[in-house]
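If you want the building blocks of each chain, they are given just below.
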Amino acid sequence: MAEQVVPSYGGQAVIEGVMFGGKTMTVTAVRKKNQEIEYFEAPRTEYKWITPLKKIPFLRGVVGLIEASANGAKHLNFASERYNADSGEVSPDSPSRLTMILGVALVGVLSFLFGKFVFTLVPVFLAKFLLGKWVPDGVPQTLAEGGFKILLLLGYITAIAKAPIIKRLFQYHGAEHKVINAFESGVELTVENVQKFSTLHYRCGSSFLIFTVFVGVVIYSLFPYDSLTERVIQRIVLLPVVMGVSYEVLQWTNKLRDTPFRFLGYPGLLLQKITTREPEDHQVEVAIASFQKMRELDQRHAQERTATTG
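Note that the structure is predicted; figures quoted are calculated from it, not measured.

K.L.:
Can you help me understand the overall build of the protein chain in this one?
P.N.:
Within the protein chain one finds 11 helices and four strands. Out of the 310 residues belonging to the protein chain, those deemed buried represent 45%. Within the protein chain, counting contacts between residues at least 6 apart in sequence, those at least 24 apart form 70% of the total. When the accessible surface of the protein chain is totalled, it reaches about 16,100 Å², and 63% of it is carbon and sulfur.

Given below as structure tokens:
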């Protein structure tokens, strides 16, 4: 009998909740102030011309990113609206809705659309203007550029992690990973069982971020430049290439997580030590509710489609 393949699901933390994406549906569950769990359900929007592109190595990562950003934006907006509704009148010390959305977006999947440009170009200027006298152009400058990227990334995430709302976001991020790890291990999804699992996962977007730094250093080193302007243009043009290759590296390290070569995924796991926190039981409960609702809707949709075509 052939071994049953466990589906690969993805998700992301939102304000006071977790979003999970299935094959046909995406679901967000959030904890309201009255302790009730509220859901936001949306079909996964997929265009016919995108489906073939998602099967092409090195291109599928960029396409998947754009698709995830489009699907995730609605869920981020839902969570922020519910948070504001529960909070009532906003105090002067409370973060604005725009601040909350940007804070979540720059840590989550939407960061790749704007944040990657910032974390790609700013290090170029820092390496050139701060170290240009001592570090020659070419590979040495590219290595210095990569070092600045890591410092900026760690500095940014560490700084925003001090905000209470981001701390809770990182706890929900940890809850999301625990649920995925528990599901992939085949255990019943109860709070007690899920809490036994790690907050780290090889397929996390945080790992993708750190891999773009290492992959970028390698790819940028292959292309010489004659001026700072040419260097900047190269970084912009090659950004989709870096992202596409980084996605493949992410998937590759995930396949190696149960082998002696699991250490290749450690850089991403180390970054997740910052972007995840141990969740409380009530946060894990929300993550489980979101995951189970997504599975339920996915299965119902599959049954309806079978009944229609049959």
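K.L.:
How should the sheet that holds strand E2 (residues 17–21) be read in this particular structure?
P.N.:
Sheets are built from strands that pair by backbone hydrogen bonding, the pairs being arranged parallel or antiparallel. Taken in spatial order, the four strands make up an open sheet running E1-E2-E3-E4, and their pairing is antiparallel. With one partner strand each, in any of the chains shown, strand E1 (10–14) and strand E4 (37–43) form the two edges of the open sheet. Strand-to-strand twist of the sheet, defined as the mean angle between neighbouring strand axes without regard to direction, takes the value 15°. Direction of pairing for E1 relative to E2: antiparallel, over a ladder of five bridges. For Gly11, the partnering residue across the bridge sits in E2 and is Phe20. On the sheet, helix H6 (residues 164–185) packs against E1, E2 and strand E3 (25–31) and is oriented at approximately 155° with respect to E1.

K.L.:
Got a minute to help me understand the packing of aromatic side chains in this structure?
P.N.:
How two aromatic rings sit relative to each other is given by the distance of their centres and the angle of their planes. Overall, the coordinates contain eight aromatic pairs when judged by the stated rule. Taking 6.3 Å as the distance between ring centres and 40° as the angle between the ring planes, the aromatic pair formed by Phe261 and Phe263 counts as tilted. On the basis of relative accessibility, which here comes to 43%, the residue Phe263 falls in the partly exposed class. By the ring-pair criterion, three or more aromatic residues cluster together here, those being Tyr9, Phe20, Phe183 and Phe291.

K.L.:
Sorry, what's going on with the side chain of Ser246 here?
P.N.:
Examined against the element boundaries, Ser246 turns out to sit in helix H9 (residues 228–255). Take Ser246: its relative accessible area is 0%, and that puts it in the buried class. Residues in contact with Ser246, not counting those within four places in the same chain, are Phe208, Phe211, Thr212 and Val215.

K.L.:
What exactly am I supposed to notice about the side chain of Asn193 here?
P.N.:
Mapped onto the secondary structure, Asn193 falls in helix H7 (residues 191–194). A polar contact is formed between the side chain of Asn193 and the backbone oxygen of Glu188, at a distance of 2.9 Å. With residues near it in sequence (within four places) discarded, Asn193 still touches Val187 and Glu188.

K.L.:
What am I meant to see in the pairing of E2 here?
P.N.:
Successive residues of a regular strand alternate their side chains across the two faces of the sheet. Counting buried residues in E2 gives five out of five residues, a clear majority hidden from the surface. Burial along E2 is two-sided: Gly17, Met19 and Gly21 facing one way and Val18 and Phe20 facing the other are all buried. Hairpin remark: E1 followed by E2, antiparallel, with two residues in the connecting loop; positive phi at Glu16, about 60°. Pairing of E2 with E3, which is carried by five bridges, proceeds in the antiparallel orientation. Considered in E3, the bridge of Met19 is made with Thr28. Counting the residues between successive antiparallel strands, the hairpin from E2 to E3 contains three residues.

Criteria and thresholds
- Residues numbered from 1 in each chain as written.
- Predicted model: local features only at pLDDT ≥ 70, side-chain atom pairs only at ≥ 80, totals over all residues.
- Heavy atoms only, no water.
- Helix = DSSP H or I, 4+ residues; strand = E, 2+ residues; numbered from the N terminus.
- Buried < 20%, exposed > 50% of the residue type's maximum accessible area, 1.4 Å probe, protein only.
- Contact = heavy atoms within 4.5 Å.
- Areas by Shrake-Rupley, 256 points an atom, 1.4 Å probe, with all protein chains shown as cover.
- Pairing = 2+ DSSP bridges.
- Axes fitted to C-alpha atoms, helices over the stretch in contact; angles between N-to-C directions.
- Phe/Tyr/Trp six-rings, centres within 6.5 Å; stacked < 30°, edge-to-face > 60°.
- Polar contact = N/O pair within 3.5 Å; in protein donor to acceptor, adjacent residues only side chain to side chain.

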